[in-house]
Amino acid sequence: MPFIGIVAKENDSNFIKNGLLKNTGLNKFDVININLKSIQNIKNIKFDITVINENIEELLKSSKYLEDIINKSNYLIINSDKENNLKWLKNTKTNIITYGFNAKATITISSVKEENTMICIQRGFKSIDEKVIEEQEINIKLKKNNINKLYNVLVIFAILGIYGEKLKKI
């Protein structure tokens, strides 16, 4: 059972968790929200994937444990649109997948039209079983109320891709 740690607002973390549960067939993900209150209790957990959906500079200043958690993770999925999230990553040896709306993100949105959204993989990355997920565009159908959660959809897409699954519905 893959352990996923998510540094995000609780409602974003819950959206990601529910999206994973709706779309997974092979894996049972265990999702844990990481915040200042919980970080002390989970400092010794080795996460398969750590997701950084918020600006983590303040969290890193107030807790050394987050850096340890990140360094022990197999994958780091990080929002590259958040200010200062990328500058401290130079020393980490974790597999890094960036997401966001900027041109340098590994996974981004190339177009949004009503309920159709094109997710673009701009740089290939390796799945958990070492298969390369190559550059491509994938059409995803979103419910109208999920358009505001595009960052979370990118996270769900990345996690499912790492584990060889497809995003079917969101």
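Just above sits the structure.
Residues numbered from 1 in each chain as written. Predicted model: local features only at pLDDT ≥ 70, side-chain atom pairs only at ≥ 80, totals over all residues. Heavy atoms only, no water.

Draft legend 1. Expanded view of the overall build of the chain. Counting secondary structure elements, the chain contains 4 helices and 10 strands. Radius of gyration (C-alpha) of the chain: 15 Å, near the 15 Å computed for a compact globule of 170 residues. With the C-alpha coordinates of the chain rotated into their principal frame, the extents come out at 40 × 35 × 30 Å. The buried share of the chain, taken over its 170 residues, is 49%. Total accessible area on the chain stands at roughly 9100 Å², and carbon and sulfur atoms take up 49% of it. (Helix = DSSP H or I, 4+ residues; strand = E, 2+ residues; numbered from the N terminus. Rg over C-alpha atoms; globule rule 2.2 N^0.38 Å. Buried < 20%, exposed > 50% of the residue type's maximum accessible area, 1.4 Å probe, protein only. Areas by Shrake-Rupley, 256 points an atom, 1.4 Å probe, with all protein chains shown as cover.)

Draft legend 2. Structural view of the layout of surface pockets. Estimated volume of the largest pocket: approximately 340 Å³. Ile133, Gly161, Gly164, Glu165 and Lys166 are the residues nearest the centre of the largest pocket, which is lined by 17 residues in total. Where the lining of the largest pocket is concerned, the elements lending two or more residues are strand S9 (132-133), strand S10 (136-141) and helix H4 (150-162). Split into classes, the residues belonging to the lining of the largest pocket amount to 9 nonpolar, 4 polar and 4 charged. (1 Å grid on protein atoms, 1.4 Å probe; cavity = no way out; pocket = protein on both sides within 12 Å on 5 of 7 lines; lining within 4 Å. Points joined across faces, edges and corners; volume = space filled by probe spheres on them. Nonpolar A, V, L, I, M, F, W, Y, C, P; charged D, E, K, R; others polar.)

Draft legend 3. Summary view of the packing of aromatic side chains. A full pass over the atoms with the stated rule returns 3 aromatic pairs. Both rings, one in Tyr99 and one in Tyr151, keep their centres 6.3 Å apart while their planes meet at 65°; by these two values the pair is edge-to-face. Placement of Tyr99 in strand S5 (residues 95-99) and of Tyr151 in helix H4 is noted, with a sequence separation of 52 residues between them. Classification of Tyr99 by relative accessible area gives buried; the value is 0%. Residue Tyr151 is classed as partly exposed on the basis of its relative accessible area, which comes to 26%. Taken together, a centroid distance of 4.7 Å and an interplanar angle of 45° make the contact between Phe101 and Tyr151 tilted. Here Tyr151 lies in helix H4 and Phe101 lies in the loop between S5 and strand S6 (107-113), a separation of 50 residues in the sequence. The rings of Tyr99, Phe101 and Tyr151 are connected pair by pair, giving a single aromatic cluster. (Phe/Tyr/Trp six-rings, centres within 6.5 Å; stacked < 30°, edge-to-face > 60°.)

Draft legend 4. Examining helix H3 (residues 65-72) more closely. Buried residues of H3: Leu66, Ile69 and Ile70, and no others. Here the buried residues of H3 occupy an arc of 95° about the axis, which is enough to place them on one side. Taken together, the buried residues of H3 touch strand S1 (3-7), strand S3 (49-52), helix H2 (57-62) and strand S4 (75-79). (Arc of directions from axis to C-beta. Contact = heavy atoms within 4.5 Å.)

Draft legend 5. Seen up close, the packing of helix H1 (residues 10-23) against H4. At a minimum axis separation of 9 Å, H1 and H4 run at an interaxial angle of 45°. Relative to H4, the element H1 lies oblique. Along this stretch, H1 crosses H4, giving a crossing that reads as right-handed. Within the contact between the two elements, H1 uses Asp12, Phe15, Ile16, Gly19, Leu20 and Asn23 and H4 uses Asn152, Val153, Val155, Ile156, Ile159 and Leu160. Here the residues of the contact of H1 with H4 sort into 8 nonpolar, 3 polar and 1 charged. (Axes fitted to C-alpha atoms, helices over the stretch in contact; angles between N-to-C directions. Parallel < 35°, antiparallel > 145°, perpendicular 65-115°, else oblique. Left-handed = near helix turned anticlockwise from the far one by under 90°.)

Draft legend 6. Spotlight on the nonpolar core. Counting residues in hydrophobic clusters, the biggest one holds 35 residues, and the most contacted among them are Ile49, Val51, Ile77, Ile107 and Ile159. Listing elements by their share of this core, those giving two or more residues are S1, H1, S3, S4, S5, S6, strand S7 (116-121) and H4. In terms of residue count, the dominant contributor to this core is H4 (10 residues). Ignoring any residue separated from it by four or fewer positions in sequence, one finds Ile77 in contact with Ile49, Thr50, Val51, Ile52, Ile97, Tyr99, Ala158, Ile159 and Ile162. Among the nonpolar cores identified, the runner-up in size contains 16 residues, and Ile34, Ile42, Ile69 and Ile78 belong to it. (Core = buried A, V, L, I, M, F, W, Y, C linked by side-chain atoms within 4.5 Å.)

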